[in-house]
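Breakdown of the fold
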Amino acid sequence: MPAPSSGEFKRRLVHASGTGLPLLYVLDFVTWRQFGYVMIAASAVAAVLEFFRLIVGLDWRIYDELTRPYEQTNLAGYALYMFSITAVALVFAPYLAVPAALMLTIGDPISGLLGTTREAGEPKRPRTLAAMFAVCLLVAVPYLVPVAGVAVGGIAAVAAALAATVADGFTPVIAGYVIDDNASIPPVAAVAGGVVLALTGAAPVIG
């Protein structure tokens, strides 16, 4: 397996650094409501930066290093990352939203470093998907089992991890627009886990 490029490694490092956002809540630095405000602010900053990059034409060197070719004329992954975590934080209960966010901030960069750089629409290798699933399951179980029990919580964790793995493993292109996994991983994970909780009545889904 080829070693990741310098640019790819930097992207993954920045990606993983976002774990600090949900940790603000996990470590009790902020309440869940306050965490929502933090994410709204982060998304607003990302939106402003993307406005200047895409509309005004701001050309900072860091954009060249941290964005992929298909992001040059589309919203960059970091912005979709902020938007998707914000969405799950505002909609779902913390035991669904936090692991969904961690699947993106931890699972995705790990699977990215294990796999080779790929074009949009090209699926990842089975061993990379297996690693992604394992990491996602590990971050989901501690949140879902305590609130829903071993059986239902375990099933919900598997469902969330599987949904995140599918979103990470295949990046479709629809009408010329890349459905980036930075946008899809948190919501599909939270929805999949939430469906199990809702169908069993084990725990509330909405935060």
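Our structure is the block above this text.
Residues numbered from 1 in each chain as written. Predicted model: local features only at pLDDT ≥ 70, side-chain atom pairs only at ≥ 80, totals over all residues. Heavy atoms only, no water.

Bringing the nonpolar core into the picture now. With 43 residues, the main nonpolar core has Phe35, Met103, Leu144 and Leu197 as its most contacted residues. Of all the elements, helix 6 (residues 94–114) adds the most residues to this core, at nine residues. Apart from the residues within four sequence positions on either side, Leu197 is in contact with Tyr95, Leu96, Leu144, Ala148, Val152, Ala156, Ala202, Ala203, Pro204 and Val205. (Core = buried A, V, L, I, M, F, W, Y, C linked by side-chain atoms within 4.5 Å. Buried < 20%, exposed > 50% of the residue type's maximum accessible area, 1.4 Å probe, protein only. Helix = DSSP H or I, 4+ residues; strand = E, 2+ residues; numbered from the N terminus. Contact = heavy atoms within 4.5 Å.)

This brings us to unusual backbone geometry. For Asp28, which is not a glycine, the phi torsion comes out positive at approximately 65°. Counting through the fold element by element, Asp28 comes out in the loop between helix 2 (20–26) and helix 3 (32–56).

Helix length check: helix 5 (residues 77–91) (15 residues) gives 21 Å between terminal C-alpha atoms against 21 Å at 1.5 Å per residue, within 8%. By the burial criterion, the buried members of helix 5 are Gly77, Ala79, Leu80, Tyr81, Met82, Ser84, Ile85, Thr86, Val88 and Ala89. (Expected span 1.5 Å × (residues − 1).)

Residues Val48, Phe51, Phe52, Leu54, Ile55, Val56 and Leu75 make up a contiguous nonpolar surface patch of roughly 610 Å² in combined accessible area. Of note, Leu54 is situated in helix 3. (Patch = residues over 30% accessible without salt bridge, like charges linked within 9 Å, V, L, I, M, F, W, Y side chains within 5 Å. Areas by Shrake-Rupley, 256 points an atom, 1.4 Å probe, with all protein chains shown as cover. Salt bridge = Lys/Arg side-chain N within 4 Å of Asp/Glu carboxyl O.)

Let's shift gears to the packing of aromatic side chains. For any pair of aromatic rings, the description rests on two quantities: the centre-to-centre distance and the angle between the ring planes. Enumeration over the complete set of coordinates arrives at three aromatic pairs. When the centroid spacing of 4.8 Å and the interplanar angle of 70° are considered together, the rings of Tyr25 and Trp32 count as edge-to-face. Of the residues examined, Tyr25 reaches a relative accessible area of 24% and is grouped as partly exposed. Trp32 gets classed as buried once you look at its relative accessible area, which sits at 15%. Of the aromatic side chains, those joined through ring pairs into one cluster are Tyr25, Trp32 and Phe35. (Phe/Tyr/Trp six-rings, centres within 6.5 Å; stacked < 30°, edge-to-face > 60°.)

Look at helix 3: 35 Å from first C-alpha to last across 25 residues, which is about the 36 Å you get at 1.5 Å a residue. By the burial criterion, the buried members of helix 3 are Trp32, Phe35, Gly36, Met39, Ala42, Ser43, Ala46, Glu50 and Arg53.

Our next topic: the pattern of salt bridges. Per the counting criterion, the structure on display carries one salt bridge. For the salt bridge of Glu50 with Arg53, the shortest nitrogen-to-oxygen distance reads 2.7 Å. You can see Glu50 and its partner Arg53 sitting in helix 3, three residues apart, about one turn around the helix.

Moving on: the environment of Thr128. Within the secondary structure, Thr128 sits in helix 7 (residues 126–148). By relative accessible area, Thr128 is classed as buried at 2%. Expressed as a C-alpha distance, the spacing of Thr128 and Gly169, which sit 41 residues apart in the sequence, is 8.3 Å.

With that settled, the discussion passes to the environment of Val135. Position of Val135 among the secondary structure elements: in helix 7. Val135 sits in the buried class, given a relative accessible area of 16%. Separated by 25 residues in the primary sequence, Val135 and Ile110 have C-alpha atoms spaced 8.4 Å apart. Those residues in contact with Val135 that sit more than four places away from it in its chain are Ile106, Gly107 and Ile110.

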